[in-house]
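# Structural description and commentary
If you want the building blocks of each chain, they are given just below.
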Amino acid sequence: MEDEVKKEETKPSCIDKYLYSMRFSDETLKEITQRFRMELVKGLGRDTNPTAALKMLPTFVQSIPDGSEKGDFIALDLGGSNFRILRVRVSHEKKQTVQMESQIYDTPEDIVHGSGTRLFDHVAECLGDFMEKHSIKDKKLPVGLTFSFPCQQTKLDEGVLITWTKRFKASGVEGMDVVKLLNKAIKKRGDYDADIMAVVNDTVGTMMTCGFDDQRCEVGIIIGTGTNACYMEELRHIDLVEGDEGRMCVNTEWGAFGDDGRLEDIRTEFDREIDRGSLNPGQQLFEKMVSGMYLGELVRLILVKMAREGLLFEGRITPELLTRGRIETKQISAIEKSKEGLNKAREILTSIGVEPSDDDCIAVQHVCAIVSFRSANLIAATLAGILLRLKENKGVARLRTTVGIDGSLYKMHPQYARRLHKTVRRLVPDADIRFLLSESGSGKGAAMVTAVAYRLAEHSREITQTLSEFRLTTEQLLEVKKRMRIEIQNGLSKSTQETATVKMLPTFVYSTPDGSENGDFLALDLGGTNFRVLLVKIRSGKRRTVEMHNKIYSIPLEVMTGTGEELFDHIVQCISDFLDYMGMKNTRLPLGFTFSFPCRQTSLDAGILVTWTKGFKATDCEGEDVVSLLREAIKRREEFDLDVVAVVNDTVGTMMTCAYEEPNCEIGLIAGTGSNACYMEELRNIEMIDGEEGRMCVNMEWGAFGDNGCLDDIRTDYDRAVDDFSLNSGKQRYEKMCSGMYLGEIVRNILIDMTKRGFLFRGQISETLKTRGIFETKFLSQIESDRLALLQVRSILQHLGLDSTCDDSIIVKEVCGAVSRRAAQLCGAGMAAVVDKIRENRGLDHLNITVGVDGTLYKLHPHFSKIMHQTVIELAPQCNVNFLLSEDGSGKGAALITAVGCRLRQELNSK
């Protein structure tokens, strides 16, 4: 008896030694994970993909179900021994429910091995029969096709078969698009119509089925007759597909891992023997080590060898034991059951005539365990590679994700799932992974992919429709240009000036700098919440120089909205501080005052404030001359005296600054928080001013263009909403469509509407999104930057309290693009009207001119300036317009105007 025990002890341990090469340490598994990750990268790269073992096929499935899918779909599942058709109805009552009815049709050998035409005629016939039975022949339902063979796709609804696998061998299909073949077969019948929207691999189907129940699911694996995996990869890493926004599911076709010799060191003599006897030697080497189709055969080969060496069955070898395929994988599952496993082993071994002893049964059970455990370990190692890849892509310290799994080996084998989960958790410790068994297989998945495709197509159609209001045609833009010309004329003519919206205010600036300006000048710049005081030293001569010193002061809200006296006293106090700082209190400096609010000027040094804008509300200023208000405040302080020479609008300041560098500059444009333009108009055309000779700069105040309703046909509901809630409802309508202060607000209104309609943020409107002004224009510039990955767009949105998916981020980016594009085009249409007016004034066929530009929107937005330039070129083809960025804005401009004013004053005096 003691001998018996000894002998029993030696059995498993001697098998362990015998099958030593099938047992892996964690170190070895981690090494396999590393190799697999390198192969993944090779398969994703454009140059390395052709020689990569892992084909990493793009599936064009770009999003997982989000729970809002609904509708009636048909799924075809072709890829196994039988062919399944399902009708999947997804409805929304209280919660999303799925009803499924399915029918199985067989695919006889002669059809599977016959011609492709026959195969697809058969599929079309089964589909017709199914629709007949469900009386849906008259409906054109969306169809999803699960096609479990390697396919090359360039879009969701096409699949070019690369090669048949499993037992399929129908001729004339490899290299063809299976959707076209099936559509052709359906058309030929002519008794029903079907809209095939998606072709899906069964692995993707599994991921989508599980994704329906758990939105975290982003990996799908099959461990059955064959094995494969897919996962959601960042689009920017998939070289084979254009675009880098969002994610796409990639079908790894991981059965071929090792086909390039990567796994030679862990393959055993038994693996090599199986490969030699297979239909496709040298291919799918990883699959041959792990999948259900081969495990039984691996065990048989091991048993034969052990029997030959006298380690089993007392050396007995029977013809059955030598028959290929005699031991099946399902028998291994039975042998490994903990209670009746040994009895099963005896039953199975007896049926192949080897008359096993008790020891033999224990030994065979142990062999089965080693072979199936190796399979679970290897799959765990490759799955770990995918999980680590996801973790790295997301840049998180701990990964939370769900893996959807299907396949007979995983489902039926008593220990497989537990072993797989344990090994994965050891190999990827920093992760919370949920393994979800796919209940209804890949058919439901195909319907889900179709449902998602259908939802996205619907949404995308409606989003395109919504944003189409922002897409202006060349005809519309030419119309805007024409209307701007009419409004310009109204502003210049005496009879219409009173009622004109575009005020065309004279600035009394008669000339741009000629280079002889010289001296020290003080400049003030008031136009927003900050106030600048500058000392500008201008030196003429061979080497013209401009040297500037400035200091920025803030204007508190209570001063902006208090009395006019308080506001101007505050300004003078800032000047006093600056003069102290520069040590120049006792010189009477000439001063230029940049005052960026609509003013009616009666001379260079007199400007009557027409109306406050930009949040200023100081009392007793509107209708008053701001230069007088400034002079009175200086008198009240009795500390210093200044010679106020000019009051200037920031747009004019910008033109002057640029004209100092570029004499051809005769237009100023501000495209920032606000929007405005000025240009040199012929004096004879400015009816409000006497004089025929020469030119004068006109401050257009074009922000008010459209206040008389002339732009109503291109304003959208979103523009109206922004206007209604603004401080100056009904005013500055053109500015509200194209200036920085409002673009973010337009975007916010569109996002709210789209969220209400269920296209964004899963229909959840966050408190932040309801807050006016939260979506600053600088976010538009950041979101639209080409260098920004979607991940960063998501973080900007998260910062705004918007939990966005990749799809959301893509839509938000599209919305921002539509709004800022229209802004740039409208601005360009206005500019085209101005340059054409100047060209006609001068009776030229062709005009060369420079525009001086300033403003944050123009400077910081990644596309605004490009689109605006393009629009001007298209709408004013006879003008060659050059844009020059103003370096130090309106402060320097005020000093230059003051310098020009002093120069002209001296010239007059000397006459």
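Read on for an overview of the structure.

Conventions used here
Residues numbered from 1 in each chain as written. Predicted model: local features only at pLDDT ≥ 70, side-chain atom pairs only at ≥ 80, totals over all residues. Heavy atoms only, no water. Helix = DSSP H or I, 4+ residues; strand = E, 2+ residues; numbered from the N terminus. Rg over C-alpha atoms; globule rule 2.2 N^0.38 Å. Buried < 20%, exposed > 50% of the residue type's maximum accessible area, 1.4 Å probe, protein only. Areas by Shrake-Rupley, 256 points an atom, 1.4 Å probe, with all protein chains shown as cover. Axes fitted to C-alpha atoms, helices over the stretch in contact; angles between N-to-C directions. Parallel < 35°, antiparallel > 145°, perpendicular 65-115°, else oblique. Left-handed = near helix turned anticlockwise from the far one by under 90°. Contact = heavy atoms within 4.5 Å. Pairing = 2+ DSSP bridges. Patch = residues over 30% accessible without salt bridge, like charges linked within 9 Å, V, L, I, M, F, W, Y side chains within 5 Å. Salt bridge = Lys/Arg side-chain N within 4 Å of Asp/Glu carboxyl O. Lys, Arg positive; Asp, Glu negative; His and termini not counted. Charge placed at Lys NZ, Arg CZ, Asp CG, Glu CD. Phe/Tyr/Trp six-rings, centres within 6.5 Å; stacked < 30°, edge-to-face > 60°. Lys NZ or Arg CZ within 6 Å of the ring centre and 35° of its normal. Expected span 1.5 Å × (residues − 1). Core = buried A, V, L, I, M, F, W, Y, C linked by side-chain atoms within 4.5 Å.

Assigned secondary structure in the protein consists of 30 helices and 26 strands. Here the C-alpha radius of gyration of the protein, 39 Å, is well above what a compact globule of 911 residues would show, namely 29 Å. When its C-alpha atoms are laid out on the principal axes, the protein stretches across 130 × 65 × 50 Å. For the protein, buried positions account for 58% of its 911 residues. Total accessible area on the protein stands at roughly 37,900 Å², and carbon and sulfur atoms take up 49% of it.

Between helix α25 (residues 777-784) and helix α27 (residues 806-841), the shortest axis-to-axis distance is 9 Å and the interhelical angle comes to 115°. When the interaxial angle is binned, α25 and α27 end up roughly perpendicular. In terms of crossing hand, the pair formed by α25 and α27 is left-handed. Two secondary-structure elements touch here, α25 through Leu 780, Ile 783 and Glu 784 and α27 through Val 812, Lys 813, Cys 816, Gly 817 and Ser 820.

Once that is clear, we can look at the sheet that holds strand β13 (residues 431-437). Read from one edge of the open sheet, six strands run β1-β11-β10-β9-β12-β13, paired in mixed fashion. Where the open sheet ends on each side, the last strands, each with one partner, are β1 (57-58) and β13. The sheet contact formed by strand β9 (residues 217-223) and strand β10 (residues 227-234) spans five bridges and is antiparallel. Looking at β10, one finds that Ile 223 is bridged to Thr 227.

Where like charges cluster on the molecular surface, the negative patch consists of Glu 558, Glu 565, Glu 566, Asp 620, Glu 624 and Glu 632. Here Glu 632 is to be found in helix α20 (residues 626-637).

What follows deals with unusual backbone geometry. The phi torsion of most residues other than glycine is negative, and most of the peptide bonds are trans. Located in the positive-phi region is Gln 284, a residue other than glycine, with phi close to 55°. Relative to the helices and strands, Gln 284 resides in the loop between α7 (269-276) and α8 (285-290). Given a relative accessible area of 17%, Gln 284 falls into the buried group. Residues other than glycine seldom take positive phi values, yet Glu 355 does so here, at roughly 45°.

For the rest of this paragraph, the subject is the sheet that holds strand β22 (residues 665-671). Reading across from one edge, β14-β24-β23-β22-β25-β26 is the order of the six strands in this open sheet, with mixed pairing throughout. Looking along the sheet, the strands with just one partner apiece sit at the ends: β14 (505-506) and β26 (879-885). In terms of strand pairing, strand β25 (residues 847-854) meets β26 through seven bridges, oriented parallel. Bridging across to β26, Val 853 finds its partner in Leu 885.

Let us now look at the pairing of strand β11 (residues 247-251). One face of the sheet, then the other: side chains in a regular strand alternate in exactly this way. Burial within β11 is extensive, with five of its five residues counted as buried. Side chains Arg 247, Cys 249 and Asn 251 project from β11 onto one buried face, and the interleaved Met 248 and Val 250 project onto a second face that is buried too. Where β1 and β11 come together, two bridges link them in antiparallel fashion. Bridge pairing in β11 places Pro 58 opposite Val 250. One ladder, built from five bridges, connects β10 with β11; its direction is antiparallel.

Here the focus is the packing of aromatic side chains. Here the distance between the centres and the angle between the planes together describe a pair of aromatic rings. Across all of its chains, the model carries 17 aromatic pairs by this definition. Aromatic pair Trp 254 and Phe 286: ring centres 5.9 Å apart, planes at 75°, arrangement edge-to-face. On the criterion of sequence distance, the pair formed by Trp 254 in the loop between β11 and α7 and Phe 286 in helix α8 is long-range, its members being 32 residues apart. The burial state of Trp 254 is the same as that of Phe 286; both residues are buried. Site record: aromatic cluster; members linked through ring pairs are Phe 593, Phe 595, Phe 597, Trp 612 and Phe 616. Positioned above the aromatic ring of Tyr 660 is the side chain of Arg 544, whose terminal nitrogen or guanidinium carbon lies 4.4 Å from the ring centre.

Let us look at helix α6 (residues 202-213). Between the first and last C-alpha of α6 there are 17 Å, a value that for 12 residues agrees with the 16 Å anticipated at 1.5 Å per step. Of all 12 residues that make up α6, 11 are buried, and the element is covered over most of its length. Among the residues of α6, Asp 202, Thr 203, Val 204, Gly 205, Thr 206, Met 207, Met 208, Thr 209, Cys 210, Gly 211 and Phe 212 are the ones counted as buried.

Let's shift gears to the nonpolar core. Judged by nonpolar contacts, the single largest core of 113 residues is most densely connected at Met 700, Trp 702, Phe 775 and Met 831. For this core, the element with the most residues is α27, which contributes 17 residues. Not counting chain neighbours up to four residues away, the residues in contact with Phe 775 comprise Gly 744, Glu 745, Val 747, Arg 748, Leu 751, Leu 780, Ile 783, Leu 797, Leu 800, Val 812 and Cys 816. Listed in part, the 111 residues of the second largest apolar core include Val 90, Cys 230, Phe 257 and Ile 379.

What follows concerns the packing of helix α22 (residues 717-724) against helix α24 (residues 740-756). Running from amino to carboxyl end, α22 crosses α24 at an angle of 120°, the nearest separation of the two axes being 9 Å. Taken as axis vectors, α22 and α24 run oblique relative to one another. Crossing hand, α22 versus α24: right-handed. Counting all contacts with α22, which are made through Tyr 718, Asp 719, Ala 721 and Val 722, the residues of α24 involved are Tyr 742, Glu 745, Ile 746, Asn 749, Ile 750 and Asp 753.

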